[in-house]
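The primary structure of each chain is shown beneath.
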Amino acid sequence: MKFNVNNSSIAMTVGNSKQFPRDPKPEIALSGRSNVGKSSLINTMLGRKSLARVSSAPGKTITINYYSVDGKFYLVDLPGYGYAKRSAESKKSWSSLTEDYFLKNPSSDAIRLIVQLVDIRTGPTDDDIMMINFMIDCGYPFVIVATKTDKLSKSQLNTALNNMKEEYFAGTGIEIIPFSSVTRDGKEELWSRICDVLSKK
(Lines give C-alpha, C1' and ligand atoms only; values in the text may rest on other atoms or scores of the structure.)
Protein backbone atom coordinates (compact mmCIF):
# COMPACT_ATOMS: atom_id res chain seq x y z
CA MET A 1 0.00 0.00 0.00
CA LYS A 2 1.38 3.40 -1.02
CA PHE A 3 0.46 6.47 1.01
CA ASN A 4 1.55 10.02 1.71
CA VAL A 5 2.17 10.58 5.43
CA ASN A 6 2.14 14.33 4.86
CA ASN A 7 -1.55 14.06 4.07
CA SER A 8 -2.59 13.20 7.61
CA SER A 9 -5.17 14.69 9.94
CA ILE A 10 -7.22 13.86 12.99
CA ALA A 11 -10.39 12.27 11.66
CA MET A 12 -12.44 11.76 14.80
CA THR A 13 -12.41 11.58 18.58
CA VAL A 14 -14.42 8.74 20.09
CA GLY A 15 -15.80 8.86 23.62
CA ASN A 16 -18.14 5.87 23.56
CA SER A 17 -18.66 2.65 21.62
CA LYS A 18 -21.51 4.08 19.53
CA GLN A 19 -19.05 6.43 17.83
CA PHE A 20 -16.66 3.81 16.45
CA PRO A 21 -16.27 4.20 12.67
CA ARG A 22 -17.89 1.58 10.49
CA ASP A 23 -15.79 2.05 7.38
CA PRO A 24 -13.42 -0.73 6.31
CA LYS A 25 -10.14 1.21 6.55
CA PRO A 26 -7.28 -0.72 8.21
CA GLU A 27 -6.36 0.39 11.72
CA ILE A 28 -2.99 0.52 13.49
CA ALA A 29 -3.68 0.94 17.21
CA LEU A 30 -1.26 2.52 19.69
CA SER A 31 -1.39 1.28 23.27
CA GLY A 32 0.62 2.17 26.36
CA ARG A 33 0.61 3.74 29.77
CA SER A 34 0.16 7.46 30.34
CA ASN A 35 3.20 9.57 29.48
CA VAL A 36 4.93 6.74 27.57
CA GLY A 37 5.17 8.88 24.43
CA LYS A 38 2.25 7.91 22.17
CA SER A 39 1.51 11.47 21.00
CA SER A 40 5.20 12.14 20.37
CA LEU A 41 5.44 8.91 18.39
CA ILE A 42 2.45 9.87 16.24
CA ASN A 43 3.93 13.30 15.50
CA THR A 44 7.30 11.73 14.65
CA MET A 45 5.83 9.05 12.42
CA LEU A 46 3.70 11.58 10.52
CA GLY A 47 6.38 14.25 10.37
CA ARG A 48 4.29 16.78 12.26
CA LYS A 49 5.10 18.85 15.33
CA SER A 50 1.72 19.02 17.02
CA LEU A 51 -0.87 16.95 15.15
CA ALA A 52 -1.22 14.82 18.27
CA ARG A 53 -1.25 17.02 21.32
CA VAL A 54 1.20 16.09 24.04
CA SER A 55 -0.78 16.50 27.25
CA SER A 56 0.75 18.55 30.06
CA ALA A 57 -1.17 16.41 32.54
CA PRO A 58 -0.56 12.64 32.31
CA GLY A 59 -3.74 10.58 32.33
CA LYS A 60 -5.90 13.45 31.11
CA THR A 61 -7.06 11.92 27.84
CA ILE A 62 -9.72 9.21 28.04
CA THR A 63 -10.89 9.30 24.44
CA ILE A 64 -9.77 7.34 21.40
CA ASN A 65 -8.31 9.53 18.67
CA TYR A 66 -8.34 8.41 15.02
CA TYR A 67 -5.72 9.89 12.70
CA SER A 68 -6.35 9.43 8.99
CA VAL A 69 -3.21 8.76 6.96
CA ASP A 70 -3.75 9.78 3.33
CA GLY A 71 -7.31 8.48 3.58
CA LYS A 72 -5.89 4.94 3.40
CA PHE A 73 -5.79 3.84 7.05
CA TYR A 74 -6.08 5.05 10.63
CA LEU A 75 -3.52 5.42 13.39
CA VAL A 76 -5.66 4.90 16.48
CA ASP A 77 -4.43 6.45 19.71
CA LEU A 78 -5.91 4.56 22.65
CA PRO A 79 -6.16 6.24 26.08
CA GLY A 80 -3.09 5.89 28.27
CA TYR A 81 -3.44 3.62 31.30
CA GLY A 82 -1.77 3.18 34.66
CA TYR A 83 -1.96 6.78 35.88
CA ALA A 84 -2.17 6.50 39.67
CA LYS A 85 -3.86 9.88 40.28
CA ARG A 86 -6.72 9.21 37.90
CA SER A 87 -10.07 8.97 39.69
CA ALA A 88 -11.86 5.65 40.05
CA GLU A 89 -14.62 6.85 37.72
CA SER A 90 -12.05 7.96 35.15
CA LYS A 91 -10.27 4.60 35.34
CA LYS A 92 -13.59 2.85 34.83
CA SER A 93 -14.32 5.00 31.76
CA TRP A 94 -10.87 4.27 30.32
CA SER A 95 -11.18 0.54 30.90
CA SER A 96 -14.67 0.37 29.42
CA LEU A 97 -13.82 2.35 26.28
CA THR A 98 -10.58 0.48 25.62
CA GLU A 99 -12.21 -2.91 26.11
CA ASP A 100 -15.05 -1.86 23.82
CA TYR A 101 -12.53 -0.94 21.14
CA PHE A 102 -11.28 -4.50 21.05
CA LEU A 103 -14.40 -6.45 21.98
CA LYS A 104 -17.42 -4.40 20.81
CA ASN A 105 -15.98 -2.59 17.83
CA PRO A 106 -17.86 -3.08 14.53
CA SER A 107 -14.52 -2.51 12.78
CA SER A 108 -12.47 -4.87 14.98
CA ASP A 109 -11.61 -6.94 11.91
CA ALA A 110 -9.85 -3.86 10.54
CA ILE A 111 -7.28 -3.85 13.38
CA ARG A 112 -4.12 -4.94 11.57
CA LEU A 113 -1.52 -4.29 14.26
CA ILE A 114 -1.22 -3.02 17.83
CA VAL A 115 1.85 -0.98 18.64
CA GLN A 116 2.47 -1.52 22.34
CA LEU A 117 4.65 1.26 23.76
CA VAL A 118 6.92 0.54 26.74
CA ASP A 119 9.30 3.01 28.40
CA ILE A 120 12.78 1.57 27.88
CA ARG A 121 13.94 3.04 31.20
CA THR A 122 11.46 1.12 33.34
CA GLY A 123 10.63 -1.87 31.20
CA PRO A 124 7.11 -3.34 31.10
CA THR A 125 4.87 -2.43 34.04
CA ASP A 126 2.24 -4.79 35.43
CA ASP A 127 -0.34 -2.93 33.33
CA ASP A 128 1.82 -3.39 30.22
CA ILE A 129 2.11 -7.12 30.87
CA MET A 130 -1.65 -7.34 31.39
CA MET A 131 -2.20 -5.61 28.06
CA ILE A 132 0.31 -7.83 26.27
CA ASN A 133 -1.33 -10.97 27.68
CA PHE A 134 -4.73 -9.64 26.59
CA MET A 135 -3.48 -9.19 23.02
CA ILE A 136 -1.98 -12.66 23.00
CA ASP A 137 -5.21 -14.21 24.36
CA CYS A 138 -7.30 -12.36 21.76
CA GLY A 139 -4.92 -13.20 18.93
CA TYR A 140 -4.15 -9.64 17.91
CA PRO A 141 -0.82 -9.12 16.12
CA PHE A 142 1.39 -6.66 17.96
CA VAL A 143 4.88 -5.24 18.22
CA ILE A 144 6.65 -3.76 21.24
CA VAL A 145 8.09 -0.27 20.76
CA ALA A 146 10.60 0.68 23.45
CA THR A 147 10.32 4.47 23.73
CA LYS A 148 12.58 7.26 25.00
CA THR A 149 15.80 5.52 23.97
CA ASP A 150 17.52 8.91 23.73
CA LYS A 151 17.37 9.12 27.53
CA LEU A 152 19.98 6.34 27.79
CA SER A 153 23.59 6.03 26.65
CA LYS A 154 24.34 3.41 24.00
CA SER A 155 25.64 0.92 26.57
CA GLN A 156 22.70 1.57 28.89
CA LEU A 157 20.30 1.08 25.98
CA ASN A 158 21.85 -2.23 24.97
CA THR A 159 21.70 -3.43 28.57
CA ALA A 160 18.08 -2.32 28.96
CA LEU A 161 17.01 -4.02 25.73
CA ASN A 162 18.79 -7.25 26.63
CA ASN A 163 17.26 -7.22 30.09
CA MET A 164 13.78 -6.64 28.66
CA LYS A 165 14.17 -9.47 26.18
CA GLU A 166 15.55 -11.91 28.71
CA GLU A 167 13.25 -11.07 31.62
CA TYR A 168 9.97 -10.70 29.76
CA PHE A 169 10.14 -11.99 26.20
CA ALA A 170 12.78 -14.73 26.03
CA GLY A 171 11.73 -17.44 23.59
CA THR A 172 8.49 -15.70 22.64
CA GLY A 173 9.55 -14.28 19.30
CA ILE A 174 7.95 -10.96 20.26
CA GLU A 175 9.50 -8.13 18.27
CA ILE A 176 10.96 -5.09 20.07
CA ILE A 177 11.70 -1.87 18.17
CA PRO A 178 13.83 0.77 20.00
CA PHE A 179 12.36 4.21 19.32
CA SER A 180 13.08 7.86 20.03
CA SER A 181 10.92 10.82 19.04
CA VAL A 182 14.00 13.02 19.54
CA THR A 183 16.52 11.22 17.31
CA ARG A 184 13.84 9.47 15.21
CA ASP A 185 15.62 6.16 15.71
CA GLY A 186 13.20 3.32 14.98
CA LYS A 187 10.92 5.42 12.76
CA GLU A 188 11.79 3.65 9.52
CA GLU A 189 11.74 0.23 11.17
CA LEU A 190 8.28 0.82 12.59
CA TRP A 191 6.97 2.12 9.26
CA SER A 192 8.39 -0.99 7.60
CA ARG A 193 6.48 -3.18 10.07
CA ILE A 194 3.28 -1.20 9.54
CA CYS A 195 3.61 -1.31 5.76
CA ASP A 196 4.14 -5.06 5.96
CA VAL A 197 0.83 -5.68 7.74
CA LEU A 198 -1.03 -3.18 5.54
CA SER A 199 0.12 -5.02 2.42
CA LYS A 200 -1.55 -8.22 3.62
CA LYS A 201 -5.26 -8.80 3.21
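That block above? That's the structure.
Residues numbered from 1 in each chain as written. Predicted model: local features only at pLDDT ≥ 70, side-chain atom pairs only at ≥ 80, totals over all residues. Heavy atoms only, no water.

**Student:** Would you mind going over the packing of aromatic side chains with me for this structure?
**Tutor:** Centre distance and the angle of the planes are the two values used to describe a pair of aromatic rings. According to the stated counting rule, one finds nine aromatic pairs in the structure shown. Seen in terms of ring centroids, Tyr 101 and Phe 102 are 5.1 Å apart; in terms of plane orientation they differ by 80°. Their pairing is edge-to-face. When its relative accessible area of 3% is taken as the criterion, Phe 102 is described as buried. Grouped by ring-pair contacts, the aromatic residues Phe 20, Tyr 101, Phe 102, Phe 134 and Tyr 140 constitute a single cluster. (Phe/Tyr/Trp six-rings, centres within 6.5 Å; stacked < 30°, edge-to-face > 60°. Buried < 20%, exposed > 50% of the residue type's maximum accessible area, 1.4 Å probe, protein only.)

**Student:** How do you make sense of the nonpolar core when you look at a structure like this?
**Tutor:** Nonpolar side chains tend toward joint burial in soluble globular proteins. Within the largest apolar cluster, 30 residues are counted, with the highest numbers of intra-cluster contacts made by Ile 64, Tyr 66, Val 76, Tyr 101, Phe 102, Ile 114 and Ile 144. Elements represented by at least two residues in this core include exactly strand 3 (64–69), strand 4 (73–77), helix 2 (88–103), strand 5 (111–119), helix 3 (126–138), strand 6 (142–147) and helix 4 (154–168). Per-element accounting of this core gives the leading share, four residues, to helix 4. With residues near it in sequence (within four places) discarded, Ile 64 still touches Met 12, Thr 13, Val 14, Phe 20, Val 76, Asp 77, Leu 78, Pro 79, Leu 97 and Tyr 101. Counting residues in each nonpolar core, the second largest holds 26 residues, with Ile 28, Phe 73, Leu 75 and Val 145 among its members. (Core = buried A, V, L, I, M, F, W, Y, C linked by side-chain atoms within 4.5 Å. Helix = DSSP H or I, 4+ residues; strand = E, 2+ residues; numbered from the N terminus. Contact = heavy atoms within 4.5 Å.)

**Student:** Hey, could you run me through the pairing of strand 3 in this one?
**Tutor:** Two faces make up the sheet, and in a regular strand the side chains alternate between them. Most of strand 3 sits out of view: six of its six residues are buried. Residues Ile 64, Tyr 66 and Ser 68 of strand 3 are buried on one face, and the alternating residues Asn 65, Tyr 67 and Val 69, pointing to the opposite face, are buried as well. Here strand 1 (residues 8–14) pairs with strand 3 via six bridges, running antiparallel. Residue pairing for strand 3: Ser 9 is matched across the bridge by Ser 68. Bridge count between strand 3 and strand 4: five bridges; the pairing is antiparallel. Bridging from a neighbouring strand, Asn 65 pairs with Asp 77 of strand 4. Joining the antiparallel neighbours strand 3 and strand 4 is a turn of three residues, in which Asp 70 adopts a positive phi near 55°. (Pairing = 2+ DSSP bridges.)

**Student:** So what exactly am I meant to see when it comes to the side chain of Lys 187 here?
**Tutor:** The residue Lys 187 is located in helix 5 (residues 187–198) in this model. As a buried residue without a salt bridge, Lys 187 has its nearest oppositely charged side chain in Glu 188, at a separation of 5.1 Å. (Lys, Arg positive; Asp, Glu negative; His and termini not counted. Salt bridge = Lys/Arg side-chain N within 4 Å of Asp/Glu carboxyl O.)

**Student:** In this structure, what is going on with helix 3? I would like to understand it.
**Tutor:** Residues three or four positions apart in an α-helix share a direction because the helix packs 3.6 residues into each turn. Its 13 residues place the ends of helix 3 18 Å apart at the C-alpha level, agreeing with the 18 Å of an ideal helix rising 1.5 Å per residue. Burial in helix 3 covers these residues: Asp 128, Met 131, Ile 132 and Met 135. Summarising the axial view, the buried residues of helix 3 lie within an arc of 100°, below the 170-degree limit, and thus occupy one face. In helix 3, the exposed positions that point more than 90 degrees away from the buried face belong to Asp 126, Met 130 and Asp 137. The positive-phi residue at the C-terminal boundary of helix 3 is Gly 139, with phi of around 80°. (Expected span 1.5 Å × (residues − 1). Arc of directions from axis to C-beta.)

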